Amino acid sequence: MLAVSDARKRYGSVAALDGCSLRLETGEWLGLLGPNGAGKTTLVRAIAGRVALDSGRIELFGSQLAGDRRGDAALRRRLGIVPQELALHPTLTARENLEVFGRLHGVGRGDIPARIDWALEFTELGDRQRDLVRTFSGGMKRRLNLACGVLHRPEIILLDEPTVGVDPQSRQRIWEMLGDLRAGGASLLLTTHHLDEAQKLCERIVVIDHGRAVAEGTVAELVARTVGRHHEVVIRLEQPLPRGIAPALIRLDATAVGARIADVAEELPPLLDSLVRAGCTIVDVHLSAPTLHAAFIALTGRELRE
Amino acid sequence: MIAALLRVGWLTLKRDRFALILTFVLPIVFFSVFALVFGRQGRSEIAPIPVVIVDEDGSDASSRFVEGLLREPGLRARAAEDGAAPLDRAAAEGLVRRGAVPVAIILRSGFGAGFGGSFGAFAVPPPSDDAEERGAPVAIAELLVDSADPMATPIVSGLLQKVAMTAAPDLVAERGIELFSRFGGELTMQQRAAIATMRAALRPESAGGRAAPGATAAGPFAGPVPVRTVDVLGDRKTSGMVGYFAAGTAVMFLLFSMSGAAGTLLDDEADGTLERTLATGVGLARLLGAKWVFHALVGVVQICAMFLWAALLFRLELLSRLPGFILMTLATAGAASAFGLLLAGLCRTRAQLSGLATVVILIMSAIGGSMFPRRFLPEWAQAAGNATFNAWAVDGYERIFWYDQPTWSIWPQLCVLVGLTIVFLALARLLARRWDAR
C-alpha cells in the first residue's frame with residue numbers, strides 16, 4: 001500500500017534521510033520510532049508531498065509518485081495527514097474547521113454535512129461545534145486536529161505524534177478514536193515518542209536513526225533480536241546477602257540483588273528457595289519483562305528524546 | 001535579577017537583525033525622507049510651475065513678454081504644443097481642465113496697448129469689450145487656473161509682474177512718461193532727449209537680454225500687467241477636493257489593511273495550517289491567488305465604503321463618475337492586495353511585517369500623494385512619487401473626481417496599476433518558494 005525505497009534527503013551537510021526504506025501493508029498499523037532528528041518527520045513530509053527527495057522512490061497504492069503534481073495529488077488525496085502541530089484555524093469554529101479541511105481534501109459539498117456530523121460524534125465535540133477553536137482545551141484541539149485529517153475517509157493515515165502534550169484522559173480518548181479508524185480498515189503510519197503508545201497500537205515497529213531504518217518487526221521480534229527474552233528479577237532482603245550464597249545473583253546495593261532469567265517458571269522458584277534455605281528474609285521481589293524501551297536503546301544507543 | 005532580564009532583552013534584540021534595522025535604521029530613513037520632502041518648503045527648491053502661454057495680441061510688447069516668461073526660472077513655460085503651432089485659448093483651457101498644467105496665461109488682445117499703463121486709477125481705456133468693473137484696472141492678461149493648486153496662482157501672478165518689469169522695462173517707462181505728460185504737462189525737448197536715451201538703455205537687448213536678478217514685480221497698484229484670474233474648475237471645487245482626500249486616505253489605509261491581511265500567511269505558517277493546507281494538494285499559486293482575490297474584494301468594499309461615506313456626508317458626486325470609479329477601485333484594490341502579499345513574502349514573522357509595512361507605506365504615502373497633493377512636493381519627490389503605487393492610484397481618482405475627465409482618460413493609471421499587480425504577484429510567488437515542497 002505504501003512503500004518507501006532508499007529515500008535520501010540532505011539539508012546542506014546534514015543527511016535527514018540516508019537510504020531509508022519501509023513498507024506499510026493494507027490495514028496494517030506501523031509505528032515509526034526514532035530519537036529526535038532521526039528523520040521521522042522528514043519521511044512523513046516526503047510521503048505527504050511536502051519534501052522533495054534527492055533520490056529514492058515512494059509508491060502509494062501500487063503507483064510510484066513521479067513528481068507530476070496533478071497525478072501525485074490524486075494519489076495523495078487518499079492519504080490523511082494529522083500533523084504534530086495543532087494546525088487549526090483558531091478563529092473558526094470546530095464545525096467551520098472541519099468544513100474547510102473537508103473541502104480542501106475534496107469532500108463533495110453534498111457530503112460535507114454528514115461527514116462533519118460523523119466527525120463531531122467521533123471527537124465528542126458536538127456540543128462545542130459552534131465555539132471558536134481558540135477557546136478549546138489542548139485535548140479538544142488534538143481530537144479536532146485528528147478529525148480534520150481523517151474527515152475524507154483516507155485509506156492511509158499519517159499520524160505525527162497525535163497525543164503529544166495531552167492529559168491521560170484525552171490520550172485515552174484519542175486511542176479510542178484510533179481504534180474506531182482501525183475498525184474502519186484504515187492503514188496507519190504512526191510516529192510517536194510514547195513507546196507504550198507504539199507498543200499498544202502498532203502491529204509492527206520500524207526504528208529509524210540517522211535517516212535509516214535500523215530495525216523493523218513486531219515488538220516481540222525487536223526485543224528478542226536485541227535484548228533477548230530474559231526477564232530481570234530484583235530481590236530485596238532484610239539483611240545483606242551472606243557471601244557464598246547463590247553466586248548467580250548480582251549485588252545491586254547493600255540489601256538488593258538481581259539476576260536475568262530466561263524462564264520464570266523454571267528458574268525463579270529455585271532461586272527464591274535457595275535464599276530462604278540460606279536464612280535470608282525476602283522483603284520484595286520485582287520481576288520485569290524485556291521492553292521495547294530496552295530494545296530501542298540497544299538499537300540506537302540513546303534515549304527516544306535525545 | 002534585573003541584570004539577567006536586561007541581558008535577555010539585549011541578546012534577543014542583538015540576534016534579530018530585522019528588529020535591529022527596524023529599531024535603529026528605518027526610523028532614521030523615515031525621518032530623512034520626510035525631512036527631505038517637507039523640510040525645504042519655501043526655499044529655493046520649490047519646483048518651477050508648469051504653465052502654458054497664449055498670445056492673443058501678437059504685438060511687439062506681447063512677444064517680448066512671452067519671451068520673458070519663457071526665460072523665467074520660476075516657470076516651466078511653453079507657448080506651443082510640442083513645437084507645433086502656438087496654443088490658443090481653448091487648447092490652453094483644455095490643458096488646465098485635464099490637470100496637465102495648473103495655470104494658463106492668456107495675453108489678451110490689446111495687451112501691447114495696455115501694457116504698463118494701468119496703474120490703478122490711471123488705467124488706459126479698456127482694450128476689449130469685456131465688462132470689467134468700473135474703476136478697476138483693465139485686465140490685459142488672464143490666468144486660467146486649476147484651484148487644486150492654490151499656490152500656483154499667486155506665484156504666477158507675481159512672476160507676471162516681475163517679468164513685465166524685466167522683460168520690457170522701456171515700455172513700462174514709456175507708459176509712465178505718457179501718464180506723467182497727460183497729468184503733469186508736456187516735457188521739454190531736453191527732457192525728452194534724456195528719456196529717449198534712458199529708454200534705449202532700458203531695452204533688454206541693451207542689458208544682455210536677461211532679466212535683472214532680484215527684480216521685483218509687484219507695484220503698489222495692479223502692477224504693469226493687470227491680471228484677471230479665472231478658476232476654470234471652480235464649480236467642482238468641493239466635490240473634487242473631497243474626492244482627492246477620499247482617494248488619498250483610502251489608498252493609504254488600503255495598503256495597511258492589505259498588508260495586515262496578507263499577514264495571515266505568516267500566521268498560517270506559524271501555526272502549521274499553511275503546511276497542512278498545502279499538503280492537501282492545493283498548489284501555492286492557487287493559495288496565493290485565493291488570498292489575492294479575497295483581499296482585493298475586501299479592498300474594493302473598503303474603498304467603496306469610503307467614497308459612499310464621502311458622497312453621503314460631503315456631497316461627493318459619485319454616481320455621475322461611477323464607471324471610472326469602479327475601474328479605478330478594482331485596479332487599486334487588486335494592486336494593493338498583491339502588494340500586501342509581496343510584503344508578507346519578504347517577512348518571516350508578523351512583527352517584521354508590521355514594522356516593514358508601517359515604514360514602507362508611510363513613505364510611499366508621503367511621496368505618492370496620499371497625505372497631500374504631490375504638486376506641493378519638490379520636483380525630485382514628485383519624480384520619486386511616480387515610482388509608488390499611491391501616486392498612480394490617487395492620480396486616477398483625481399482625474400475622475402477633480403478634473404472630471406472621461407473614463408478612457410485614466411487608461412495610463414489603469415495600465416500601470418494592472419502592471420504593478422502582475423509584478424507584485426510574480427515577486428510574491430517568487431518569495432513564497434520557501435513554502436514549496438523542497
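None of the values given here were measured: they were computed from a predicted structure.

Chemist: In this structure, what is going on with the overall build of chain A? I would like to understand it.
Modeler: Scanning chain A from N- to C-terminus turns up 10 helices and 14 strands. On the principal axes, the C-alpha backbone points of chain A span a range of 80 × 45 × 35 Å. Taking all 306 residues of chain A together, the buried fraction comes to 47%. When contacts within chain A are restricted to residue pairs at least 6 apart in sequence, those whose partners lie at least 24 apart make up 68%. For chain A, the computed accessible surface area is about 14,300 Å², with 50% contributed by carbon and sulfur atoms. Looking at charge distribution, chain A has the averaged site of its 39 positive side-chain charges lying 6 Å from that of its 39 negative ones.

Chemist: Teacher, can you tell me more about the packing of aromatic side chains here?
Modeler: The geometry of an aromatic ring pair comes down to the distance between the two centres and the angle between the two planes. Under the defined criterion, the tally for this structure stands at 11 aromatic pairs over all chains. Their ring planes at 45 degrees and their centres at 5.0 Å tell us that F65 of chain B and F111 of chain B sit as a pair that is tilted. Taken together, the residues F65 of chain B in helix α3 (residues 60-71) and F111 of chain B in helix α5 (residues 111-114) connect sequence positions 46 residues apart. By the burial criterion, F65 of chain B is buried, and F111 of chain B matches it. Ring pairs connect the aromatic residues F307, F325, Y397 and F401 of chain B, which therefore count as one cluster. Seen from the ring of F61 of chain A, R78 of chain A lies directly overhead, with NZ or CZ sitting 3.9 Å from the centre. Sitting above the plane of the W118 of chain A ring, R115 of chain A keeps its charged end 4.4 Å from the centroid.

Chemist: I'm lost on the sheet that holds strand β4 (residues 55-60) of chain A in this one. Help?
Modeler: Pairing between the strands of a sheet comes from backbone hydrogen bonds, and it takes one of two forms, parallel or antiparallel. Residue and element names in this part refer to chain A. The antiparallel open sheet is built from four strands, whose spatial order is β2-β1-β4-β5. With partners counted over all chains shown, the strands left at the sheet margins are β2 (14-24) and β5 (63-64), one partner each. Alignment of β4 against β5, held across two bridges, turns out to be antiparallel. Each residue of the ladder has a partner; that of L60, found in β5, is S63.

Chemist: What is the right way to look at unusual backbone geometry in this model?
Modeler: Note: most residues except glycine have negative phi, and most peptide bonds are trans. Positive phi, normally seen in glycine, also occurs at E124 of chain A, with a value near 55 degrees. Mapped onto the elements, E124 of chain A comes out in the loop between α4 (112-123) and α5 (138-150). A positive phi angle, near 55 degrees, is found at R315 of chain B, a position not held by glycine. Tracing the backbone shows R315 of chain B in the loop between α12 (284-314) and α13 (322-346).

Chemist: In this structure, what is going on with the nonpolar core? I would like to understand it.
Modeler: Nonpolar side chains tend toward joint burial in soluble globular proteins. Of all hydrophobic cores here, the largest spans 54 residues; its most connected members are F307, F339, F389, Y397, F401 and W435 of chain B. At the level of elements, α9 (237-262), α10 (264-271), α11 (273-279), α12, α13, α14 (350-368), α16 (389-401) and α17 (411-431) of chain B are the ones that each hand at least two residues to this core. With residues near it in sequence (within four places) discarded, Y397 of chain B still touches A247, I303, F307, F325, M328, T329, T332 and W402 of chain B. One finds I157, L201, I205 and V219 of chain A within the second-largest nonpolar core, a separate group that totals 46 residues.

Definitions and cut-offs
Residues numbered from 1 in each chain as written. Chains lettered and ligands numbered in written order. Predicted model: local features only at pLDDT ≥ 70, side-chain atom pairs only at ≥ 80, totals over all residues. Heavy atoms only, no water. Helix = DSSP H or I, 4+ residues; strand = E, 2+ residues; numbered from the N terminus. Buried < 20%, exposed > 50% of the residue type's maximum accessible area, 1.4 Å probe, protein only. Contact = heavy atoms within 4.5 Å. Areas by Shrake-Rupley, 256 points an atom, 1.4 Å probe, with all protein chains shown as cover. Lys, Arg positive; Asp, Glu negative; His and termini not counted. Charge placed at Lys NZ, Arg CZ, Asp CG, Glu CD. Phe/Tyr/Trp six-rings, centres within 6.5 Å; stacked < 30°, edge-to-face > 60°. Lys NZ or Arg CZ within 6 Å of the ring centre and 35° of its normal. Pairing = 2+ DSSP bridges. Core = buried A, V, L, I, M, F, W, Y, C linked by side-chain atoms within 4.5 Å.

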